Amino acid sequence: MKDEEPHACPTCLRHARWEGKPCTRCKRPIRTFGIELDDGCLFCLSCKKYAVPPQLCPGCNEFKQDLGRDVRRGVTEPVCGQCRHRLGKAENCAGCRRPRFIAGERDGKRLCANCLPTGTPPIVTCSDCHKPKFHFGSGRCEDCAWRRIHSRLLTRLYAQVPAAWARDLMTEYYQLLRDQIAHGTLSKSLRHDVVFFAALSPHFSSADALTGVLVVRKLGHEFLARYGRVMSFLNITGYITTYQDPDYELEWHLSRIRSYTARGPAWSHAAMDRFLSHMLHKRDLSLDRSTRRTVPIKPKSMESAVRAAVAFLTYAAAEGATSLPEVSQEHLELFLGRHRNYRLRIRALVRYLRRHERTFQKLSVPASKHEFSLKHALSDQVRLDLIDTLGLSTTIVDVRWSLVSLFALIYAQPAHKSVALPLEAVRMGAEGLYEVRFAKVWLPMDEVTHPLLARWLSMRRENSCFERNDESLYLFPGRQAGSHIRSDTFTKWLTPRRLTTRALVTTSLVQWAIADPGSPRILVDALGVSRVTATTYCQQLGMQVRAHTRHAFDTRA
């Protein structure tokens, strides 16, 4: 017989059509099995769900591409992945803590077939560390199994990071993070944070070139807000300096300012850039940045001035202005009539326009009568009841914000000052009471604030996973390493209680001024209140006290 050439089976012929060819979606070569559409597009097993158009999931009523069944978990109809996880009937085993079918109960615990004989996972010799440990999967213990999963995950993620130094930085990030959070959470964090390291690669040549200011300038505040954990890692390892550097705060606000100016009308962009350059120039010339000046020089004040300017110019454009010279006094008055809160913040732009820009009309903010009013102050009964309620807080969130509330209600401290209070500003006094330095002198805490402060110091913990206990410099540590909590979160906590920071601070100033109306210096040195505010409260309340006293004596006569 003649030698016949070997024939390939149908399976091999089918595999030959896609084996080694790139996937249409992920561009990686298909190894063993794939899907070929009528138009010739090839998809690997990981991307095969994208080969079909989105379909309506009956579980969540949304169009998804990963519809499928999971008969072992009791899901017999095709639904999306989230619904399969939600509708699955398999529960976690009490022994291995993994979703498994329950084989029975032992000592009141529902266990799978592997854990049922002993009540715990079987003990095996790990194939990696060669130590007898509880079995987790594939002949490995839990730590080694997750380490293998993370190693394979990093190998795939490294393909997205082009620079070698960025991959080394990501490896260092993983090694530091794996001891701080759970294994499964670490996998999710790596998939999320690889975008940050990939974004660093084209902008920097090495890790030594990283600085906090340059990172914000290159990537922007909106991008960095999604990667706070990586920024904490760079800060705690010394690659960059964030909140300890005043220029970092300035650059962060400048990034926000640029996003605000882009929202205004097109003809205002050049003027807003000149306005911002003017404020930065005045800031550089200022030697004492804490004194009051007509031009905003603090980063937050500059951002507030630009936001008010953009809002005003956007309103003027809606009213028919097509260029900066066409902005009139009528536009300004109508704008302030609708937005009274911008009256003080718009002054910086008006001064700049009058001195440095050409307009058809000279603009001026209409004068307003500043009458002393105590309409925001709480009554004595409400104040005392609120102090007693705040002193009874027990949970860590309520204790934290109740302490900030008492600082405002008793010691007239605004929220943005209380949240940034350093830990070194708190000490134990000679009389056994905690003392806090809000300004120049140490104040012993009252009988309500002292136990609440002691309770907070006993439960105070750093929120960043890269900071150890008592490593933060602030009394109220923030989520990022080296930062404190934010005051806007305090406002959200106060809103359901129908309170405002202004009401708490005003009530405190009233009590201090009535106690000694002839000594405004006490408010300045003890509480850090400005001289103008302290003098105004003492003069106005002093006159009311004297009038009330004179009326009492006249009545007795």
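All values derive from a computational prediction rather than experimental measurement.

Describing the sheet that holds strand S14 (residues 434–437)
- Spatially, three strands are ordered S13-S14-S15 in an open sheet, and the strand pairing comes out antiparallel. Edge positions in the sheet fall to strand S13 (426–428) and strand S15 (442–444), since each has one partner strand and no second. Averaged over all pairs of adjacent strands, the angle between strand axes in this sheet comes to 30°, irrespective of strand direction.
- Sheet analysis places S13 next to S14, joined by three bridges and oriented antiparallel. Directly across from Met428, in S14, lies its bridge partner Tyr434.

Thoughts on the state of the cysteines
- Going through the model one piece at a time under the given rule, you end up with zero disulfides.
- For Cys80, which is in no disulfide, the shortest distance to another cysteine sulfur is to Cys83 and amounts to 3.5 Å.
- Judged by its relative accessible area of 1%, Cys80 is buried.
- Its sulfur unpaired, Cys93 is 3.6 Å from the next cysteine sulfur, which belongs to Cys112.

Focus on the pattern of salt bridges
- With the rule as written, the count across this model stands at 15 salt bridges.
- Here Glu251 and Arg217 are joined by a salt bridge, their closest N and O atoms 3.2 Å apart. One end of the pair, Glu251, is in helix H9 (residues 246–261); the other, Arg217, is in helix H6 (residues 212–219), and 34 residues separate them in sequence.
- Classification of Glu251 by relative accessible area gives buried; the value is 5%.

A word on H6
- Along H6, the residues that are buried comprise Gly212, Val213, Val215, Val216 and Leu219. Seen end-on, H6 carries its buried residues on one side only, within an arc spanning 165°.
- Of the surrounding secondary structure, the elements contacted by the buried residues of H6 are helix H5 (183–200), helix H7 (221–224), helix H8 (228–236) and H9.
- Downstream of H6 by a residue or two, Gly220 has a phi angle that is positive, lying close to 90°.

Points about the side chain of Thr506
- For Thr506, the position within the fold is in helix H19 (residues 501–515).
- The residues contacting Thr506, other than those within four sequence positions of it, are Leu374, His376, Ala377 and Tyr537.

What to know about the packing of helix H15 (residues 396–411) against helix H18 (residues 487–494)
- At a closest axis distance of 11 Å, the pairing of H15 and H18 adopts a crossing angle of 95°. Considered as vectors, H15 and H18 are oriented roughly perpendicular to each other. Taking contact as the criterion, the partners of Asp398, Trp401, Ser402, Val404 and Ser405 in H15 are, on H18, Thr489, Phe490, Trp493 and Leu494.
- Across the contact of H15 with H18, the residue classes tally to five nonpolar, three polar and one charged.

A word on the confidence of the model for the protein
- Here the protein averages 85 in pLDDT, while 92% of its residues score no lower than 70.
- Looking over the protein, one finds the lowest element-wise mean pLDDT in helix H21 (residues 531–556), namely 65, and the highest in H6, namely 94.
- This stretch, residues 548–557, has a pLDDT under 50; its non-local contacts, to residues over four places away or in other chains, come to zero contacts.

With respect to the nonpolar core
- Counting 51 residues, the largest nonpolar core has Phe407 and Met445 as its most contacted members.
- Only helix H14 (380–390), H15, S14, helix H17 (449–459), H18, H19, helix H20 (520–527) and H21 provide two or more residues apiece to this core.
- Sort the elements by how many residues they give to this core and H15 lands first, with 10 residues.
- Once residues lying within four places of it in the same chain are set aside, the contact partners of Phe407 are Ala412, Gln413, Ser418, Leu421, Phe438, Met445, Thr449, Leu475 and Phe476.
- Ala199, Leu224, Met231 and Tyr248 belong to the second largest nonpolar core, which has 37 residues in total.

Calculation notes
- Residues numbered from 1 in each chain as written.
- Predicted model: local features only at pLDDT ≥ 70, side-chain atom pairs only at ≥ 80, totals over all residues.
- Heavy atoms only, no water.
- Pairing = 2+ DSSP bridges.
- Helix = DSSP H or I, 4+ residues; strand = E, 2+ residues; numbered from the N terminus.
- Axes fitted to C-alpha atoms, helices over the stretch in contact; angles between N-to-C directions.
- Disulfide = S-S within 2.5 Å.
- Buried < 20%, exposed > 50% of the residue type's maximum accessible area, 1.4 Å probe, protein only.
- Salt bridge = Lys/Arg side-chain N within 4 Å of Asp/Glu carboxyl O.
- Arc of directions from axis to C-beta.
- Contact = heavy atoms within 4.5 Å.
- Parallel < 35°, antiparallel > 145°, perpendicular 65-115°, else oblique.
- Nonpolar A, V, L, I, M, F, W, Y, C, P; charged D, E, K, R; others polar.
- pLDDT = per-residue confidence, 0-100.
- Core = buried A, V, L, I, M, F, W, Y, C linked by side-chain atoms within 4.5 Å.

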